[in-house]
Amino acid sequence: MLASLIVLACTTKSPDQLVASAKEYLAKREINAAVIQLKHALQAAPEHGEARLLLGQTLIHQRDFASAEKELRRALELGQPADAALPPLARAMKEQGEFEQLVRDFGERTLGSADARATFGSVLGEAYLRLGRSKEADEAFAAALAANPNYAPARLGQALIAAVGGHRSEAMKIVEEVIAASPDLAEARTLKADLLSADGKRAEARQALEQAVEADGTYLPARRALAQMLIEDKAFDQATAQIEAARKVVGGDLSLTYLEGALAFEKGDLQKARDSAAQVLKHAPAHVPTLVLAGAVELKSKQFATGEAHLRKALVQAPGHAGARRLLVGIHLQNREPLRALETLQPLLATPAAEDPRIMMLAGETFLANGDVKQASRYFASAASADSVKVAAQTRLGQIAMARGDLDEGFKQLEAAAEQDSGNLQADLSLIAAHLKRNELDKALAAAKALERKQPDNPLSQLMLGTVNVARKDIAAARGHFERALQLQATYLPALAALANLDLAEKKPEQARKRFEAFIEKQPKFEQGYLGLAELQARTGGKPDEIAATLQRAIAAVPQGVNARIALVNLRLRERDVKAALLAAQEAAASSPNEPRVLSILATAQENAGNDKQAIETLNKLVALQPQAPQPLQQLAGLHVRNQEYQLAIDALRRGQRLAPEDRNVRAALVSVLARAGKFDDAMKETKAMQSAAPKFAGAHALEAEVHAAQKKWAEAERAYREALRLEPDAGRIAAQLHGVLTAAGKSGEAEAHARKWLAEHPKDSMMRLYLADHALQAKNNKAAFGLYQEVIALEPNNAIALNNLAFVAGDLGDA
């Protein structure tokens, strides 16, 4: 009503009258009404400088900093006093993170009044500090204090400089003096909280933030910091209350959307966390905390390519961000890229962050993945002195001791860890596994019972007791524990699967099926139950249509789910029913049009159905949906290669390379396509770049060999493969490729000697055996192929290729 009355009234007023009216509203703190009056004034008189100035100052109060900057810059152009316009303009730029531009545009400006010099100098000092220019920051704060010796923001600026310089006690002294003079200054109490956190005084820091919020509930940085701390402390209800209180002050502020995403992530709601991060990045694509959150979400979701893209972008913006680098190392470790993990970790180890126990644990895991047990043990031993990770470190030290055969030391470390461990159960699980491996069943049972005493209501405890009793052949007891686990948590599928396995072992597949059906009846909206039944049907020889019917039941029960839909498409693709696969994929896409996994499988189904144009359109949509991920571009490139459109494939992979310059999969695909296209010089340039970046990476030399082989340069290819094997002596794939090159070069005797030596030294390698079996099959040496396929199956009983080819060879040999 008020706004409509203003609109009616303002049509009869002059611009000057509207400005005067706005001032009256501002005096009464009726901000929205003042903004309306000022905007009407500017509609009538766009060059009205005072209206621009007032509007810019008012928009600062509404936290619309981008619009405020625009109005205040225009006010300066229209001749408004710099003393009035520049301090709020500087604040608007600071709030938007425009530190470089603020210094560049206004760093040399001198203002007249003492108040303006103090305000502007303090903001300018903070900008210099954010840019790492401590000397200029110190000068700016000193100038502000020369104008007003008691100006609190400038004093706090000096405290910041002291803290950045490592003089935290001096910084705290300044902050305490400011608080004594201005007890209600929330900014001072917030800085005090930062200093206390840096000294590890978390409880005191939280108290300081609570006092800051109590002093000034509208000071957003205090509420944000408090909400962040509450999220980290798992005080979710309190964190939600702080975010909601902040919303009442600032409405749609994106920093609160980020906090809502961080809260959702900690609560395990990955989809909400992902949506919140996407909302922030849509408006602020370079916001580092949100990029790190997005990376953490994708790491948790095992979407490694997307997570890596977010984290690399964060590190471009903030190279020293320890959290982003730590998560990126984690992605490489989970992606089984130990060398890349080590390369990413190294900068962290050269900073004070290396003293963080979490970083020590990460370093231990990284060196362990690279086979450097000595270095790994050193880092785990250092971490074991920190209470926060002591149990995890002792567990790892115990596992390493076990692996190297020092069983006494191993059990000592694991038992010590298990005694202290009440939340993280890794030590107990490792101890149980170690006893089971040594067939020490009574000790394994004792360890499992100790785990149950610690966490009697955890279904995992019952699962482990059941597992030990299976080993002890006490099947009745095992069943009882698995059933108890399901009583504790009705949706605990590992226990249900364990019971079904016992049924299968007793040749009772129908009983296993009934278990899953009963589970589904009780939990009809739990998608994983149907997927478990479908897997059971596949294991027991169920017909494809029966498995498909189970997956259709899952889709009907949980229409918003995607796992059953994707499983159905994959089932139809395996059965080579491309029409049914395409229909299932189209239905999945209609249900979840923006789900990356669905679009990916839809493109695969379209490609299998020969609809390449549609597949390309789908993949282009996937690329647009995941603009920071190289994976969709790789899939797109693969489709172009199939159609022999090599330049389009190269273009897609080049785009992927720009997104993830260190992604070896992208570079390897690019080398392969360049070689196919006959661009051997470009392909070789890529392999040399990879060798330079990672001198110990065998795959880079194997890629070089492939480029030489494509040109029939057998001697060069042989040399490169031998170098790759020197770097990775147990790589069966590379050994097989070397055999192929020797054969192609006419060195069949040398190739056979290489194969015999390899098989003798690597009795458990299936890759070379499968390659030699296929080679014998092509040469119509069925007897040799038959024996080699049997060796592969002995090592890998579920190797579908070996089973299929063995059946073919057996048929040719007349062995029904």
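Given the structure is predicted, the values throughout are model-derived calculations rather than measurements. (Residues numbered from 1 in each chain as written. Predicted model: local features only at pLDDT ≥ 70, side-chain atom pairs only at ≥ 80, totals over all residues. Heavy atoms only, no water.)

## Regarding the overall build of the chain
- Counting secondary structure elements, the chain contains 48 helices and zero strands.
- When the backbone C-alpha atoms are referred to their principal axes, the chain occupies close to 105 × 65 × 55 Å.
- Among the 816 residues that make up the chain, the fraction classed as buried is 47%.
- Long-range contacts, defined as pairs at least 24 residues apart, comprise 47% of the intrachain contacts of the chain with a sequence gap of at least 6. (Helix = DSSP H or I, 4+ residues; strand = E, 2+ residues; numbered from the N terminus. Buried < 20%, exposed > 50% of the residue type's maximum accessible area, 1.4 Å probe, protein only. Contact = heavy atoms within 4.5 Å.)

## Brief notes about the pattern of salt bridges
- Summed over all chains, the structure comprises 42 salt bridges.
- A salt bridge links D612 to R642; its shortest N-O distance comes to 2.7 Å. On the criterion of sequence distance, the pair formed by D612 in helix α37 (residues 612-625) and R642 in helix α38 (residues 631-642) is long-range, its members being 30 residues apart.
- The class of D612 is buried, set by a relative accessible area of 14%.
- By relative accessible area, R642 is classed as partly exposed at 45%.
- For E686, the salt bridge goes to R667, with nearest N and O atoms at 2.8 Å. Here R667 lies in helix α40 (residues 664-676) and E686 lies in helix α41 (residues 680-693), a separation of 19 residues in the sequence. R667 matches E686 in its accessibility class, with the two residues each being buried. (Salt bridge = Lys/Arg side-chain N within 4 Å of Asp/Glu carboxyl O.)

## Considering the environment of T540
- Its location among the elements puts T540 in the loop between α32 (527-539) and α33 (544-557).
- Separated by 30 residues in sequence, T540 and E510 have C-alpha atoms that sit 9.7 Å apart.
- Not counting residues within four places of it along the chain, the set of residues in contact with T540 comprises L504 and P509.
- At 2.8 Å, the side chain of T540 and the backbone oxygen of L536 are in polar contact. (Polar contact = N/O pair within 3.5 Å; in protein donor to acceptor, adjacent residues only side chain to side chain.)

## Some details on the environment of L648
- Along the chain, L648 turns up in helix α39 (residues 646-659).
- Take L648: its relative accessible area is 43%, and that puts it in the partly exposed class.
- Here the alpha-carbon distance between L648 and G638, two residues ten residues apart in the chain, equals 10.0 Å.

## Things to note about helix α27 (residues 441-454)
- Across its 14 residues, α27 extends 20 Å between first and last C-alpha, which sits within 8% of the 20 Å expected from 1.5 Å per residue.
- For α27, every residue scored as buried is listed here: L441, A444, L445, A447, A448 and L451. Projected down its long axis, α27 carries its buried residues within an arc of 165 degrees, all on one side. Across from the buried face of α27, at angles greater than 90 degrees, the exposed residues are D442 and R453. (Expected span 1.5 Å × (residues − 1). Arc of directions from axis to C-beta.)

## Comments concerning the packing of aromatic side chains
- Applying the stated criterion across every chain yields a total of one aromatic pair.
- Here F519 and F526 contribute two aromatic rings whose centre-to-centre distance is 6.0 Å and whose plane-to-plane angle is 65 degrees, an arrangement assigned as edge-to-face.
- Judged by relative accessible area, which is 7%, F519 ranks as buried. (Phe/Tyr/Trp six-rings, centres within 6.5 Å; stacked < 30°, edge-to-face > 60°.)

## A few points about the nonpolar core
- Ranked by size, the top nonpolar core spans 62 residues in total, and within it V175, L256, L259, F265, V292 and L311 carry the most contacts.
- Among the elements that make up this core, the one with the highest residue count is helix α18 (residues 288-300) (eight residues).
- L493, L496, V562 and L573 belong to the second-largest nonpolar core, a separate cluster that totals 46 residues. (Core = buried A, V, L, I, M, F, W, Y, C linked by side-chain atoms within 4.5 Å.)

## Some details on the packing of helix α5 (residues 65-77) against helix α6 (residues 82-95)
- At a minimum axis separation of 9 Å, α5 and α6 run at an interaxial angle of 150 degrees. Classified by the angle between their axes, α5 and α6 sit roughly antiparallel to one another. For the pair α5 and α6, the crossing hand works out as left-handed. Seen from α5, the contacting residues are F65, A68, E69, L72, R73 and L76; seen from α6, they are A82, A85, L86, P88, L89, R91, A92, M93 and E95.
- Grouping the constituent residues of the contact of α5 with α6 by class yields eleven nonpolar, no polar and four charged. (Axes fitted to C-alpha atoms, helices over the stretch in contact; angles between N-to-C directions. Parallel < 35°, antiparallel > 145°, perpendicular 65-115°, else oblique. Left-handed = near helix turned anticlockwise from the far one by under 90°. Nonpolar A, V, L, I, M, F, W, Y, C, P; charged D, E, K, R; others polar.)

## A word on helix α4 (residues 49-61)
- Here α4 contains 13 residues, and its C-alpha end-to-end distance of 19 Å stays within 8% of the 18 Å for a straight helix at 1.5 Å per residue.
- In terms of residue burial, α4 counts as a mostly covered element, since ten of its 13 residues are buried.
- Within the sequence span of α4, burial applies to G49, A51, R52, L53, L54, L55, G56, T58, L59 and I60.
- Contact partners of the buried residues in α4: α2 (15-27), α3 (31-44), α5 and α6.
- Among the residues trailing α4, R63 stands out with phi positive, at a value near 60 degrees.

## Quick word on the confidence of the model for the chain
- Of all residues in the chain, 92% have pLDDT values of 70 or greater, and the mean over the chain is 86.
- Ignoring residues within four places in sequence, the model shows residues 1-10, a span with pLDDT below 50, making eleven contacts including any to other chains. (pLDDT = per-residue confidence, 0-100.)

## Overview of the packing of helix α31 (residues 509-522) against α32
- At their nearest, the axes of α31 and α32 sit 9 Å apart, and the two run at 165 degrees to each other. Our classification of the angle between α31 and α32 gives roughly antiparallel. Where α31 crosses over α32, the handedness of that crossing is left-handed. Taking contact as the criterion, the partners of A512, R513, F516, E517, F519 and I520 in α31 are, on α32, G529, Y530, G532, L533 and L536.
- Taken together, the residues that form the contact of α31 with α32 break down as seven nonpolar, two polar and two charged.

## A word on the environment of Q238
- With respect to the helices, strands and loops of the structure, Q238 is situated in helix α15 (residues 236-250).
- Q238 sits in the partly exposed class, given a relative accessible area of 42%.
- Measuring from C-alpha to C-alpha, the distance between Q238 and M361 comes to 31 Å, with 123 residues separating the pair along the chain.
- If we ignore the near neighbours within four places in the chain, the residues touching Q238 are R206 and L230.

## Comments concerning unusual backbone geometry
- Residues other than glycine seldom take positive phi values, yet R576 does so here, at roughly 60 degrees.
- Tracing the backbone shows R576 in the loop between α34 (563-574) and α35 (578-591).

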